[in-house]
Amino acid sequence: MIGETPRPLAPSPVTVLQASAEDLDAVMDIMAAAFPPTYGEAWTRSQCAGILPMPGVALRLATDARGELAGFSLMRVVADEAELLLIAVKPETQQQGIGRALIDDFIATATAKRAHHLHLEVREGNRAIALYKRAGFALAGRRRDYYRCQDGRAVDALTLVLVA
Ligand SMILES: CC(C)(COP(=O)(O)OP(=O)(O)OC[C@H]1O[C@@H](n2cnc3c(N)ncnc32)[C@H](O)[C@@H]1OP(=O)(O)O)[C@@H](O)C(=O)NCCC(=O)NCCS
C-alpha cells in the first residue's frame, strides 16, 4: 500500500544455539533453579562435564525474546537413535514456549543427523509429560522406582518415544 512504512520482521521470540563446556556455569545455574531438589532429577556438574566430550552429545542453549539465557537441553544422537537427556528452563521464563522450542530443536537436530527413533525418560507426574506429548511423543515404557526422592519415596520413570 502506498505510504505505508515497511516494518521489520518481528524477531523470533526464542533462539536455540549450540553450546559448549564453556557454558557449563550458566547451565548449572539453570539446572539448580529449575529442578526441584526433591526428586534427584538434576545432574551434577561432573556428570555434565563427563558426558559432553562423548560422541554425539550436544548441549543446546535457548535465549528468550530479550536475548537472555533462558534454558538448555542436553541430547545424545548415535546412529538412528536420539535421546533427550536433560531439558530445563529458568523458572522466571517458564510458560512462554521456551521448553517447547527446545523440544522442537531436539527433534530438528536429531532428524538432521538422520536419527529417527527419539526417546527420553521423565519422572511420572512431571508437568513436562504434557509438553512432550503435545510435541508428538508417546508413552513406551516404565521403569519402576527409578527416582529416589529425598523423603525416601520412589517414583517411576516413564519412557516416551517419537518416531520422526
Ligand atoms: C519442563 C520445562 C522445561 C518446560 O519449560 P517451559 O518453558 O515452561 O515450557 P513451555 O512454556 O513451552 O510450555 C509449558 C506450558 O506453558 C504453556 N505455554 C507455552 N507458551 C505459553 C505462553 N506464551 N503463555 C502461556 N502459557 C504458555 C504450554 O502450553 C505449557 O502448558 P502445560 O504446562 O499445561 O503443559 C520446565 O518446566 C522446566 O524446566 N522444568 C524443570 C525441569 C524438568 O522437569 N525438566 C524435564 C525433565 S528432564
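Quick caveat, the model's predicted, so the values are computed rather than measured.

(A) Quick peek at the site of the ligand. Close to the ligand lie 19 residues, the nearest being Val89, Gln95, Gly97, Arg127 and Arg134. With respect to the ligand, the backbone of Val89 contributes an N or O atom lying 2.8 Å from an oxygen atom. At 2.9 Å, a backbone N or O of Arg100 approaches an oxygen atom of the ligand. Coverage of the ligand by the protein amounts to 71% of the 940 Å² it exposes when considered alone. Taken atom by atom, the bulk of the ligand overlaps the largest pocket. Elements with a minimum of two residues in the shell around the ligand: strand E4 (81-89), helix H3 (98-112) and helix H4 (128-134). The dominant element in the shell around the ligand, judged by the number of residues it contributes, is H4, at five residues. Its residues placed into classes, the shell around the ligand shows 10 nonpolar, six polar and three charged.

(B) Structural detail: the pattern of salt bridges. Counted under the stated rule, the structure contains 12 salt bridges. Residue Arg100 is joined to Asp104 by a salt bridge in which the shortest nitrogen-to-oxygen separation is 2.9 Å. Of the two residues, Arg100 and Asp104 both sit in helix H3, four residues apart, roughly one turn of that helix. Classification of Asp104 by relative accessible area gives partly exposed; the value is 34%.

(C) Summary view of the layout of surface pockets. Roughly 990 Å³ of volume is contained in the largest pocket. As for the largest pocket, its lining consists of 36 residues, and the residues nearest its centre are Phe35, Ile87, Asn126, Ala128 and Tyr132. When residues of the lining of the largest pocket are traced back to their parent elements, those giving at least two are E4, H3, strand E5 (117-123), H4 and strand E6 (138-148). With seven residues, E4 is the single largest residue contributor to the lining of the largest pocket. Looking at the lining of the largest pocket residue by residue, the classes come out as 20 nonpolar, eight polar and eight charged.

(D) Just the environment of Tyr132, in detail. The topology assignment puts Tyr132 in helix H4. Residue Tyr132 is classed as buried on the basis of its relative accessible area of 6%. Sequence spacing of Tyr132 and Leu162 is 30 residues, and the spatial spacing of their C-alpha atoms is 9.4 Å. If near-sequence neighbours (up to four positions away) are discounted, Tyr132 is found in contact with Leu84, Ile87, Ile103, Leu120, Val122, Phe137 and Leu160.

Cut-offs used in this document
- Along each chain, residues carry numbers from 1 onward, in the same order as the chain's sequence is written.
- Only residues with pLDDT of 70 or above have their local features reported here, since the model is predicted, and side-chain atom pairs are shown and tallied only from 80 upward, although totals for entire chains, interfaces and linings are computed over all residues.
- Excluding hydrogens and water, the side-chain figures rest on all heavy atoms present in the structure.
- If even one non-hydrogen atom of a residue comes within 4 Å of a molecule or strand, that residue is called near it.
- Throughout this description, a polar contact denotes any pair of N or O atoms lying within 3.5 Å of each other; where both atoms belong to protein, one of them has to be capable of donating a hydrogen while the other can accept it, and for residues adjacent in sequence the pair is counted only when both atoms sit in side chains.
- We get accessible surface area from the Shrake-Rupley algorithm with a probe of 1.4 Å; when it comes to residues, only the shown protein chains can shield them.
- For cavity detection a 1 Å grid was placed over the protein atoms alone, and a set of points counts as a cavity when a 1.4 Å probe fits there but cannot get out; an open set counts as a pocket when protein lies on both sides within 12 Å along at least five of seven lines, with lining residues being those that have an atom within 4 Å of a point.
- Put plainly, a molecule is in a cavity or pocket when over half of its atoms are within 2 Å of the grid points there.
- Strands here are runs of E lasting at least two residues and helices are runs of H or I lasting at least four, both read from the DSSP assignment and numbered beginning at the N terminus.
- Amino acid classes used here: Ala, Val, Leu, Ile, Met, Phe, Trp, Tyr, Cys and Pro are nonpolar; Asp, Glu, Lys and Arg are charged; the rest, including Gly, are polar.
- The salt bridge criterion pairs a side-chain nitrogen of Lys or Arg with a carboxyl oxygen of Asp or Glu, the two atoms within 4 Å.
- The cut-offs for exposure are 20% and 50% of the maximum accessible area for each residue type, with area from a 1.4 Å probe on protein chains only; residues under the lower value are buried, those over the upper are exposed, and the others partly exposed.
- Grid points are joined across faces, edges and corners, and a volume is the space filled by probe spheres set on the points.
- Residue contacts are defined here by distance: any two heavy atoms, one from each residue, within 4.5 Å place the two residues in contact.

Read these as spatial facts, not as claims about activity.
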